[in-house]
Amino acid sequence: MAQTENLSDSRGSAFGIRCFLLMLRILGTNRTCEFVWVIALFYTCFDRKARMAARPYLSHRFPGAGPLAMFYHTWALFTSQGQALVENAAMIRKKLRWKFVDEELSERLMDQEKGFILLTSHFGGWNAIMGGLHVARKPVNILVTPDRNLNVDKTLALSGLKNPVRIISTQSDMGGLIEVFDAIERGEIVCIMGDRCLEGEGVELEFLGGKAKFPTAAFYIASRTGCAVLPLFAIRTRRHTEFSAFYGPELRPELKSRKRTDLIPYLEVYVRKLEDFSRKYPYQCFIFEDLWQ
C-alpha cells in the first residue's frame, strides 16, 4: 500500500521542536500554546500547500466564508493543530487533566474476554490521550501510519510508559490487518482511526453538507471477529490543560453479505458524532485530506 503524504512529513524541524519543549518547561502549557499563534501565522501566510490541504474541510465547515474569514479560520486551525503537539508533550509531564464521559462503556468491554476496537479520530487531544491508554486492563495496540518526518512523533505521549502500548504499522503485511485480527482474538484493545480513508474501499456518507468518503475497516474487522467498536473523542474543553474523553455508543457491526455497504448504519453513527463535534469545536478537527473529492 502506497503511503499518503501527510503535512507533518515536511514540517517541523528538530531545532524548532526542542525550542517548544524548552518553552513548555519554562513557561508552562498555556503560555507555550499562546505562542503557537505566532508560528501558525507564518504557515498561514506562506505555506500554500498546507492552506490547500485545509481548504476542503474549512470550505465545508464554513460555507460562504470570504477571503478574510477563511484566512482566520485557516490560522486558527493551524494554531490548534500546533497546540495539540504541545499538549502531547505536556501529557508526558502529567500536566493535563481529563474528564471521562460514559467511561463505563469502556470498563464493561474490558471486563469481557473478547478484545474490542477503540475508534479514534484526528480530533482535539487525539495524540495526547494515547499517553493514558496504558492504564487499560487489557493490552493496547495502535494502528498507525509512521511519519516520514522523524522529528514529528505522533506517538510521543507513549514514550516512557511502564506498560508500553504496542504499535502496529500500516506499512506491515496486509496493512497491519493480520496483526489487528490476532490482537483482537487475544482479547486486546486495538485503536484505529475512523476519519482517514487509506484503504481502497470506503463508503460515502453525508458530512458537513457534502458526500465524503470514510473507511469501513474498523467495522469490517469487528463484524468478522464479533467484537465491539467503541468510538472515542478527546476534546480540549478549557484552555490547554483540561480535556474531556467521550466514549460511545458501543457498536456491534454485522456484515450480512459481501457488500461493505451493510456497514453504513454503524459508520453513520460515528460520522454523525464526528460532525457534531466538528460543528461545536471546528478548530479541533484536523482533517487535511479532501474527503469530498
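Residues numbered from 1 in each chain as written. Predicted model: local features only at pLDDT ≥ 70, side-chain atom pairs only at ≥ 80, totals over all residues. Heavy atoms only, no water.

### Focus: helix H3 (residues 48–61)
Helix length check: H3, at 14 residues, gives a terminal C-alpha distance of 20 Å against a target of 20 Å (1.5 Å per residue), a fit within 8%. At Arg55, H3 shows its strongest bend, of approximately 45 degrees, with the proline Pro56 following within four residues. All of the buried residues in H3 are Ala50, Ala53, Ala54, Pro56, Tyr57, Leu58 and Arg61. Turning to H3, the residues buried within the fold contact helix H4 (67–92) and helix H8 (264–280). (Helix = DSSP H or I, 4+ residues; strand = E, 2+ residues; numbered from the N terminus. Expected span 1.5 Å × (residues − 1). Bend = angle between axes of the 7 residues up to and from the residue. Buried < 20%, exposed > 50% of the residue type's maximum accessible area, 1.4 Å probe, protein only. Contact = heavy atoms within 4.5 Å.)

### Regarding unusual backbone geometry
Between Gly248 and the following residue, Pro249, the backbone shows a cis peptide bond with an omega angle of 0 degrees. At Lys94, a residue that is not glycine, the phi angle is positive and equals roughly 60 degrees. Here Leu208, not a glycine, exhibits a phi torsion of approximately 55 degrees, which is positive. Given a relative accessible area of 3%, Leu208 falls into the buried group.

### Remarks on the environment of Val190
Tracing the backbone through its elements, the reader meets Val190 in strand S5 (residues 189–193). In the structure, Val190 is positioned 10 residues away from Val180 in sequence and 6.8 Å away in space, judged by C-alpha atoms.

### Thoughts on the pattern of salt bridges
In total, this model carries 16 salt bridges according to the counting rule given. Close ionic contact of Arg239 with Glu34 constitutes a salt bridge, the shortest N to O distance being 2.5 Å. Within this pair, whereas Arg239 is found in the loop between strand S8 (228–238) and strand S9 (242–247), its partner Glu34 is found in helix H2 (residues 29–46), the two being separated by 205 residues in sequence. The class for Arg239 is partly exposed, based on a relative accessible area of 41%. (Salt bridge = Lys/Arg side-chain N within 4 Å of Asp/Glu carboxyl O.)

### As for the nonpolar core
In terms of nonpolar packing, the biggest core is built from 83 residues, with Trp98, Ile117, Leu118, Phe207 and Phe219 touching the most fellow members. Of all the elements, H4 adds the most residues to this core, at eight residues. When near neighbours in sequence (up to four residues on either side) are disregarded, Phe207 contacts Ala212, Phe214, Val271, Arg272, Leu274, Glu275, Ser278, Ile287, Leu291 and Trp292. (Core = buried A, V, L, I, M, F, W, Y, C linked by side-chain atoms within 4.5 Å.)

Any link to function would need more than the numbers given here.
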